[in-house]
Amino acid sequence: MPRRSSLPVTFVVPTLVILLILSMVPTLYAIIIALQNRELSSTAYSWVWFSNFFDLFSDRRFLNAVWVSVKWEVVTVVATMVVAIGLGVLMFEVASQRLRNVYCLLFIIPVLLPRVSAAFVWKFAYHPLYGIATYPYRLLTGGLIFDPLSKPSTALFAVASVDVWQWGLFFAVIVLKLLETLPPQPIEAARLDHAKRWQIHAYVTLPMLKAPLVSLMFVKMIESLRSFDLIYVMTRGGPGVATETLDMYAFSQGFIESGKVSYASAMAVLMMIATVITFTMLWKRVQA
Amino acid sequence: MSAIVCSHVDKAYGATTVIRDLNLSIEEHEFVVFLGPSGCGKSTLLRMLAGLEDISGGEVSIGGKVVNDLDPGDRGIAMVFQNYALYPHMTIFDNIAFGLRRQKVPAPEIDKRVRAVAATLGLDPYLGRKPAELSGGQQQRVAIARAMIKTPKVFLFDEPLSNLDAKLRNHMRVEIARLHQSLKTTTVYVTHDQLEAMTLADRIVLLKDGVIEQIGSPAEIYGRPANIFVAGFIGTPNMNFIEVTVARSGNGWTLTGAGTALSIDGAGFHLQPGGRAVLGIRPPDLKTARDGDAGILQGTADLIEFHGNDALVTFGSGGKEISALVPARECPVLHAPVRYMFEEANIHLFDATSGASLRQQ
Ligand SMILES: Nc1ncnc2c1ncn2[C@@H]1O[C@H](COP(=O)(O)OP(=O)(O)OP(=O)(O)O)[C@@H](O)[C@H]1O
Ligand SMILES: [Mg+2]
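The rules behind the values
Residues numbered from 1 in each chain as written. Chains lettered and ligands numbered in written order. Predicted model: local features only at pLDDT ≥ 70, side-chain atom pairs only at ≥ 80, totals over all residues. Heavy atoms only, no water. Helix = DSSP H or I, 4+ residues; strand = E, 2+ residues; numbered from the N terminus. Buried < 20%, exposed > 50% of the residue type's maximum accessible area, 1.4 Å probe, protein only. Contact = heavy atoms within 4.5 Å. Areas by Shrake-Rupley, 256 points an atom, 1.4 Å probe, with all protein chains shown as cover. Lys, Arg positive; Asp, Glu negative; His and termini not counted. Charge placed at Lys NZ, Arg CZ, Asp CG, Glu CD. Near = heavy atom within 4 Å. Polar contact = N/O pair within 3.5 Å; in protein donor to acceptor, adjacent residues only side chain to side chain. Pairing = 2+ DSSP bridges. Core = buried A, V, L, I, M, F, W, Y, C linked by side-chain atoms within 4.5 Å. Phe/Tyr/Trp six-rings, centres within 6.5 Å; stacked < 30°, edge-to-face > 60°. Lys NZ or Arg CZ within 6 Å of the ring centre and 35° of its normal.

Undergrad: Any details on the overall build of chain B? Residues and values, ideally.
TA: The number of helices and strands found in chain B is eight helices and 20 strands. Seen along its three principal axes, the alpha-carbon backbone of chain B occupies a region of about 80 × 45 × 35 Å. When each of the 361 residues of chain B is scored for burial, the buried share is 52%. In chain B, once contacts between residues fewer than 6 apart in sequence are set aside, the share between residues at least 24 apart is 65%. Of the accessible surface of chain B, which amounts to about 16,000 Å², a share of 50% is contributed by carbon and sulfur atoms. In chain B, 35 side chains carry a positive charge and 39 a negative one; their mean positions are 6 Å apart.

Here is the structure:
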């Protein structure tokens, strides 16, 4: 029945082709640029093949950016999941139905805030003199100055806390809703089986929710890769290079400091390859 | 000593009272079945015994100890749920062992006990599987194993067989009966299936709207129902009820209603001349009448349901539908006139207003 089967194809193919072009062209273009030595200041260029990549591996600032990115990824993903599961379980255990609705509403608000706004709000909250987040410290120490965003040891965590504030609370709502969808009988059976409240969650409910929780974690991992706006507003990669992730560094190499577009593209290509490989492996691990 | 005592137990959800001033005492080793129509509070009562539902008023004690405020785990009970409630992510072995592990029983002993219980219930081949890889009957056996391994003082079952098909249900019913014979553990069993109640129970507790209508052995409940509700609820096909007026006649009594007048001796019943009563006769107690018999109900056969050995004949008598269960070979043809008689020993009489039995105790 060629007539019947050609109709869906007619509709689907153009869209797919457009999508493919939209996603493939920039990617291919980035790869091509990464093999050249283009700079923003001139139109002249030549093919340098892999020398950008070799340069990267001897660039200490790049290696630092890799390390910061890994730290950022691990800290935000782990903290988000811990906060989400902790708060979700806590709400499930102690909050009444009405209170749960109120909390859910409150916890969804941060994630609705545009990232840049959230970043500005918290940048001010972390202000050493006027910030509300540093107020307890000033109160307890009798007016000592604490500036988390300008200390290399705390800056990353201060920025990460904003990310967790946005996503951890939102995920807590999702975890609560997931817990509410579970059938009550296994939980009751566990109560009869001498399980304490925390054991019920550790051994019964959370394992039952393993698949959705892993999916949530993947969503957060992908989301954490796109932290540019948050870091840009709060620290611009500083102090020094303490919060300079790969995308921050690529951006500043490409457009701010030296205009080395090809060098930045090489970084982007490496990031893409690393991300694809890591996620494929993780996904396989989880599926197994 | 009684295994379970409920005294003046109430349960309310907000403004709606589900259980009202319930008093019940269950002996050790007894098999008690809670029976009643849907929504009468059977599960609620059972869950209150288990500690899964808090008690609004009154006192529940298990093994001589008041358990109102004890955690479910500390009440010495084990429960089997209608939908098995297995832990889906654990193997069968882990499912059965879960309770022992939480009590910190040493691993070698857990292993020994799980294997022993699995052997009793024929679960050996499945210990490494997940619940989703078992049939419904096997899953319910795992649920029973999980309850058994705790060696509880009391077993609680909430409609454990209602998710199974008819054949498997019979099989599992026999298995539960056998298990109770060998373990002798006090058991409370909730069902709305009469056959299960009749075959398993030492005593049946018949509930309606959170109130106990009658407590008694299956034979008592069937043979001497305390009121119209119990009489109508127990027994398939359902008992026939005929509203009658009672009158004195000579040494006996005459019951007039449904187009006939029936003479009975009336000994054994509290009857009032001129009073109104409800006569109850079970369909199997109606026999094909011969000439000269007394106590005759007659009409035309409207409906004949063939059951195999028997046939259920429904006929109209004085505007009232009456059913008789007769041997298939005596089955009349449709629309033929039929006449049935009964023996006085088999009838039930109830007060027309209160519904209570008029039988002398
Ligand atoms: N959480 C609740 N809130 C309010 N009413 C409830 C609640 N749980 C049960 N009920 C009411 O309590 C009554 C008894 O419920 P229960 O589950 O004990 O019935 P049941 O006898 O087990 O019925 P079934 O045979 O259908 O299982 C019902 O009328 C039900 O509507
Ligand atoms: Mg029920």
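Undergrad: I'd like to hear about the environment of B:Pro337, residue by residue, with values.
TA: Residue and element names in this part refer to chain B. Tracing the sequence through the fold places Pro 337 in strand β19 (residues 337–341). Along the backbone, Pro 337 and Phe 315 are 22 residues apart, and their C-alpha atoms lie at a distance of 8.7 Å. With residues up to four places along the chain from it excluded, the contact list for Pro 337 reads Gly 299 and Thr 300.

Undergrad: Go over the site of ligand 1, please, and point to the residues and values.
TA: All names here are of chain B. In the region of ligand 1, the neighbouring residues are Tyr 13, Val 18, Ser 38, Gly 39, Cys 40, Gly 41, Lys 42, Ser 43, Thr 44, Glu 159 and His 192. For ligand 1, an oxygen atom lies 2.5 Å from a polar atom in the side chain of Ser 38. Within the backbone of Gly 41, an N or O atom sits 3.0 Å from an oxygen atom of ligand 1. For ligand 1, whose accessible area on its own is 640 Å², the fraction buried by protein is 56%.

Undergrad: Now, about the pairing of strand β16 (residues 296–306) of chain B: what can you tell me, with residues and values included?
TA: Residues and elements named next belong to chain B. Relative to β19, β16 runs antiparallel, the two sharing five bridges. Bridge pairing in β19 places Ile 296 opposite Met 341. Inspection of the sheet shows β16 paired to strand β17 (residues 310–317) by six bridges, in the antiparallel sense. Residue pairing across strands places Leu 303 opposite Thr 314, the latter belonging to β17. Where β16 hands over to β17, the hairpin turn is made up of three residues, of which Gly 308 adopts a positive phi near 110 degrees.

Undergrad: For the environment of B:Asn95, give the residues involved together with the corresponding values.
TA: All names here are of chain B. On the secondary structure map, Asn 95 appears in helix α2 (residues 92–102). With a relative accessible area of 0%, Asn 95 lands in the buried category. For the pair Asn 95 and Lys 130, spaced 35 residues apart in the sequence, the C-alpha separation amounts to 9.0 Å. Non-local contacts of Asn 95, meaning those with residues more than four positions away in its chain, are made with Leu 86, Tyr 87, Met 90, Pro 131, Val 142 and Arg 146. Of the polar contacts made by the side chain of Asn 95, one reaches the backbone nitrogen of Tyr 87; its length is 2.7 Å.

Undergrad: Describe the nonpolar core, and please don't skip the residues or the numbers.
TA: In terms of nonpolar packing, the biggest core is built from 65 residues, with B:Ile4, B:Cys6, B:Leu22, B:Phe34, B:Met79, B:Leu156 and B:Val188 touching the most fellow members. A total of nine residues in this core trace back to one element, the largest contributor, which is helix α7 (residues 152–181) of chain A. Dropping the residues within four chain positions of it, B:Leu22 is found in contact with B:Cys6, B:Ser7, B:His8, B:Val9, B:Leu45, B:Leu207, B:Gly210 and B:Ile212. Core analysis: the second largest hydrophobic core is formed by 46 residues, B:Leu134, B:Ala143, B:Ile221 and B:Ile234 among them.

Undergrad: Break down the packing of aromatic side chains for me, citing the residues and quoting the values.
TA: Tallied over the full model, the rule gives 24 aromatic pairs over all chains. Ring geometry for A:Tyr203 versus B:Phe98: centroids 6.2 Å apart, planes at 80 degrees, classification edge-to-face. In this pair, A:Tyr203 sits in helix α9 (residues 197–208) while B:Phe98 sits in helix α2, so the two residues belong to two different chains. Judged by its relative accessible area of 3%, B:Phe98 is buried. Here A:Phe251 and A:Phe255 contribute two aromatic rings whose centre-to-centre distance is 5.7 Å and whose plane-to-plane angle is 45 degrees, an arrangement assigned as tilted. With a gap of four residues between them, A:Phe251 and A:Phe255 both fall in helix α12 (residues 246–256), about one helical turn apart. Between the NZ or CZ atom of A:Arg38 and the centre of the ring of A:Tyr45, over which it lies, the distance is 4.1 Å. One residue, B:Arg102, lies across the ring of A:Tyr203, its end atom 4.0 Å from the ring centre.

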